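Here is how the chains run, residue by residue.
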Amino acid sequence: MSAHTVRKAAVTLTAAFTLASAGVLAGGTPASAASCYDGASYFSGESRYHPSSGTYTTTSRCNDINVKIANLLITPYRNVKVCFYPSSSPSYCQSSYTRVDSDWTVVATDVRDGTRYRLLFENSSWVQAYRAA
(Lines give C-alpha, C1' and ligand atoms only; values in the text may rest on other atoms or scores of the structure.)
Protein backbone atom coordinates (compact mmCIF):
# COMPACT_ATOMS: atom_id res chain seq x y z
CA MET A 1 0.00 0.00 0.00
CA SER A 2 1.42 3.44 -0.91
CA ALA A 3 2.05 6.15 1.67
CA HIS A 4 -0.64 8.27 -0.01
CA THR A 5 -3.21 5.47 0.35
CA VAL A 6 -2.31 4.96 4.01
CA ARG A 7 -2.58 8.72 4.73
CA LYS A 8 -5.90 8.91 2.90
CA ALA A 9 -7.27 5.94 4.88
CA ALA A 10 -6.06 7.47 8.17
CA VAL A 11 -7.67 10.82 7.33
CA THR A 12 -10.92 9.08 6.36
CA LEU A 13 -11.04 7.09 9.61
CA THR A 14 -10.18 10.15 11.70
CA ALA A 15 -12.87 12.17 9.93
CA ALA A 16 -15.44 9.41 10.44
CA PHE A 17 -14.75 9.19 14.18
CA THR A 18 -14.78 12.97 14.52
CA LEU A 19 -18.04 13.25 12.60
CA ALA A 20 -19.64 10.50 14.65
CA SER A 21 -18.67 12.28 17.87
CA ALA A 22 -19.83 15.64 16.57
CA GLY A 23 -23.19 14.18 15.53
CA VAL A 24 -23.81 12.75 18.98
CA LEU A 25 -22.70 15.93 20.79
CA ALA A 26 -24.84 18.14 18.55
CA GLY A 27 -27.92 16.06 19.31
CA GLY A 28 -28.00 14.40 15.91
CA THR A 29 -27.18 10.83 15.13
CA PRO A 30 -23.74 9.79 13.91
CA ALA A 31 -25.36 8.45 10.73
CA SER A 32 -26.91 11.82 9.86
CA ALA A 33 -23.59 13.68 10.26
CA ALA A 34 -21.69 11.06 8.32
CA SER A 35 -24.19 11.04 5.45
CA CYS A 36 -23.73 14.79 4.95
CA TYR A 37 -19.95 14.57 4.75
CA ASP A 38 -20.02 11.30 2.78
CA GLY A 39 -21.17 13.42 -0.16
CA ALA A 40 -18.26 15.87 0.21
CA SER A 41 -16.49 17.02 -2.94
CA TYR A 42 -12.87 18.05 -3.31
CA PHE A 43 -11.95 21.25 -5.13
CA SER A 44 -8.75 23.20 -5.72
CA GLY A 45 -7.54 26.21 -7.60
CA GLU A 46 -6.31 29.75 -7.50
CA SER A 47 -9.39 31.92 -7.69
CA ARG A 48 -11.56 33.84 -5.28
CA TYR A 49 -14.65 32.04 -6.61
CA HIS A 50 -15.12 28.25 -6.49
CA PRO A 51 -16.22 26.95 -8.83
CA SER A 52 -14.59 29.55 -11.05
CA SER A 53 -17.38 29.10 -13.60
CA GLY A 54 -20.89 27.88 -12.92
CA THR A 55 -22.33 27.03 -9.52
CA TYR A 56 -22.62 24.20 -7.02
CA THR A 57 -26.07 23.01 -5.94
CA THR A 58 -27.12 22.01 -2.42
CA THR A 59 -28.52 18.55 -1.83
CA SER A 60 -30.78 16.86 0.71
CA ARG A 61 -27.72 15.27 2.40
CA CYS A 62 -26.89 18.44 4.35
CA ASN A 63 -28.94 21.23 5.84
CA ASP A 64 -25.94 23.58 5.72
CA ILE A 65 -23.00 24.42 3.47
CA ASN A 66 -19.80 23.09 5.05
CA VAL A 67 -16.16 23.61 4.04
CA LYS A 68 -12.81 22.32 5.29
CA ILE A 69 -9.24 22.85 4.08
CA ALA A 70 -7.60 19.73 2.62
CA ASN A 71 -3.90 20.67 2.61
CA LEU A 72 -2.72 22.62 5.65
CA LEU A 73 0.85 22.84 4.34
CA ILE A 74 -0.31 24.96 1.42
CA THR A 75 -3.22 26.70 3.15
CA PRO A 76 -3.51 26.55 6.96
CA TYR A 77 -6.83 28.42 6.85
CA ARG A 78 -8.92 30.58 4.53
CA ASN A 79 -11.75 33.05 4.94
CA VAL A 80 -14.79 32.20 2.85
CA LYS A 81 -18.37 33.30 2.36
CA VAL A 82 -21.19 31.96 0.23
CA CYS A 83 -22.76 33.69 -2.75
CA PHE A 84 -26.24 32.44 -3.55
CA TYR A 85 -27.84 32.28 -6.98
CA PRO A 86 -31.53 31.59 -6.34
CA SER A 87 -33.72 31.05 -9.40
CA SER A 88 -36.47 33.40 -8.21
CA SER A 89 -34.46 36.45 -7.06
CA PRO A 90 -31.19 38.29 -7.65
CA SER A 91 -27.92 36.73 -6.51
CA TYR A 92 -26.37 37.88 -3.24
CA CYS A 93 -23.36 37.11 -1.03
CA GLN A 94 -23.12 36.78 2.73
CA SER A 95 -21.98 40.01 4.38
CA SER A 96 -19.04 38.51 6.29
CA TYR A 97 -16.40 35.83 5.88
CA THR A 98 -16.05 32.67 7.99
CA ARG A 99 -12.60 31.32 8.89
CA VAL A 100 -12.19 27.72 7.69
CA ASP A 101 -9.36 25.33 8.61
CA SER A 102 -8.97 21.53 8.62
CA ASP A 103 -12.19 20.98 10.61
CA TRP A 104 -15.59 20.95 8.96
CA THR A 105 -16.96 24.46 9.32
CA VAL A 106 -20.52 25.56 8.61
CA VAL A 107 -20.38 28.61 6.34
CA ALA A 108 -24.15 28.87 5.66
CA THR A 109 -27.00 27.41 7.71
CA ASP A 110 -30.50 26.22 6.86
CA VAL A 111 -29.99 26.34 3.08
CA ARG A 112 -32.81 24.95 0.94
CA ASP A 113 -32.15 21.87 -1.18
CA GLY A 114 -31.43 22.73 -4.80
CA THR A 115 -29.98 26.18 -4.04
CA ARG A 116 -27.21 27.21 -6.42
CA TYR A 117 -24.14 28.79 -4.83
CA ARG A 118 -20.46 29.58 -5.18
CA LEU A 119 -17.79 29.91 -2.49
CA LEU A 120 -16.07 33.30 -2.38
CA PHE A 121 -12.64 33.30 -0.74
CA GLU A 122 -11.18 36.50 0.68
CA ASN A 123 -8.16 36.29 -1.63
CA SER A 124 -7.23 34.37 -4.74
CA SER A 125 -4.30 32.35 -3.38
CA TRP A 126 -4.23 28.59 -4.00
CA VAL A 127 -6.69 26.48 -2.02
CA GLN A 128 -7.34 22.76 -1.70
CA ALA A 129 -10.54 22.03 0.19
CA TYR A 130 -13.69 19.97 0.52
CA ARG A 131 -17.30 21.12 0.49
CA ALA A 132 -20.44 19.36 1.65
CA ALA A 133 -23.89 20.76 1.05
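Residues numbered from 1 in each chain as written. Predicted model: local features only at pLDDT ≥ 70, side-chain atom pairs only at ≥ 80, totals over all residues. Heavy atoms only, no water.

Caption draft 1: Fine view of the sheet that holds strand β10 (residues 127-132). With antiparallel pairing, four strands are arranged side by side in an open sheet as β1-β10-β4-β8. Every other strand in the sheet has two partners, leaving β1 (41-45) and β8 (105-108) as the edge strands with one partner each. Strand-to-strand twist in this sheet, taken as the mean axis angle between neighbours without regard to direction, amounts to 35 degrees. Bridge count between strand β4 (residues 65-69) and β8: three bridges; the pairing is antiparallel. Among the inter-strand pairings, Val67 is bridged to a residue of β8, identified as Thr105. (Pairing = 2+ DSSP bridges. Helix = DSSP H or I, 4+ residues; strand = E, 2+ residues; numbered from the N terminus. Axes fitted to C-alpha atoms, helices over the stretch in contact; angles between N-to-C directions.)

Caption draft 2: Unusual backbone geometry, seen in detail. Between His50 and the following residue, Pro51, the backbone shows a cis peptide bond with an omega angle of -5 degrees. We note that Asp110 has phi near 50 degrees; this positive angle belongs to a residue other than glycine. For Asp110, the location among the structural elements is in the loop between β8 and β9 (116-121).

Caption draft 3: How the structure looks around the nonpolar core. Core analysis: the largest hydrophobic core is formed by 18 residues, its most contacted members being Phe43, Ile65, Val82, Phe84, Val107, Tyr117 and Leu119. Ignoring any residue separated from it by four or fewer positions in sequence, one finds Ile65 in contact with Thr58, Val82, Phe84, Thr105, Val106, Val107, Ala108, Val111, Tyr117, Leu119, Ala132 and Ala133. Cys36, Tyr37, Cys62 and Trp104 belong to the second largest nonpolar core, which has five residues in total. (Core = buried A, V, L, I, M, F, W, Y, C linked by side-chain atoms within 4.5 Å. Buried < 20%, exposed > 50% of the residue type's maximum accessible area, 1.4 Å probe, protein only. Contact = heavy atoms within 4.5 Å.)

Caption draft 4: Expanded view of the packing of aromatic side chains. Taken as a whole and assessed by the stated rule, the structure comprises six aromatic pairs. Ring centres of Tyr42 and Tyr130 lie 5.5 Å apart, and the angle between their planes is 65 degrees; on these two criteria the pair is classed as edge-to-face. Here the residue Tyr42 occupies a position in strand β1, and Tyr130 occupies one in strand β10, the gap between them amounting to 88 residues. When its relative accessible area of 42% is taken as the criterion, Tyr42 is described as partly exposed. By relative accessible area, which is 30% here, Tyr130 ends up partly exposed. (Phe/Tyr/Trp six-rings, centres within 6.5 Å; stacked < 30°, edge-to-face > 60°.)

Caption draft 5: Molecular detail of the confidence of the model for the chain. Taken over all residues, the pLDDT of the chain has a mean of 79, while the share at 70 or more is 74%. Per-residue pLDDT stays below 50 along residues 1-30; that stretch engages in ten contacts with residues further than four places along the chain or on separate chains. (pLDDT = per-residue confidence, 0-100.)

Caption draft 6: Seen up close, the pairing of β9. By the criterion of burial, β9 is predominantly enclosed, with five of the six residues buried. Two elements, strand β2 (residues 49-50) and β9, share two bridges in a ladder whose sense is antiparallel. Bridge pairing in β9 places Tyr49 opposite Leu120. Bridging between strand β3 (residues 56-57) and β9 involves two bridges; their strand directions are antiparallel.

Caption draft 7: Just a nonpolar patch on the surface, in detail. The grouping of Leu73, Ile74 and Trp126 at the surface amounts to a nonpolar patch, some 370 Å² of accessible area in total. Relative to the helices and strands, Ile74 is located in the loop between β4 and β5 (78-84). (Patch = residues over 30% accessible without salt bridge, like charges linked within 9 Å, V, L, I, M, F, W, Y side chains within 5 Å. Areas by Shrake-Rupley, 256 points an atom, 1.4 Å probe, with all protein chains shown as cover. Salt bridge = Lys/Arg side-chain N within 4 Å of Asp/Glu carboxyl O.)

Caption draft 8: Inspection of the side chain of Thr115 at higher detail. Relative to the assigned elements, Thr115 resides in the loop between β8 and β9. There is a polar contact of 2.7 Å between the side chain of Thr115 and the backbone oxygen of Arg112. (Polar contact = N/O pair within 3.5 Å; in protein donor to acceptor, adjacent residues only side chain to side chain.)

Caption draft 9: Local environment of the side chain of Ser47. Topologically, Ser47 is positioned in the loop between β1 and β2. At 3.1 Å, the side chain of Ser47 and the backbone oxygen of Tyr49 are in polar contact. Leaving out residues up to four positions away in the same chain, Ser47 has contacts with Ser52, Asn123 and Ser124.

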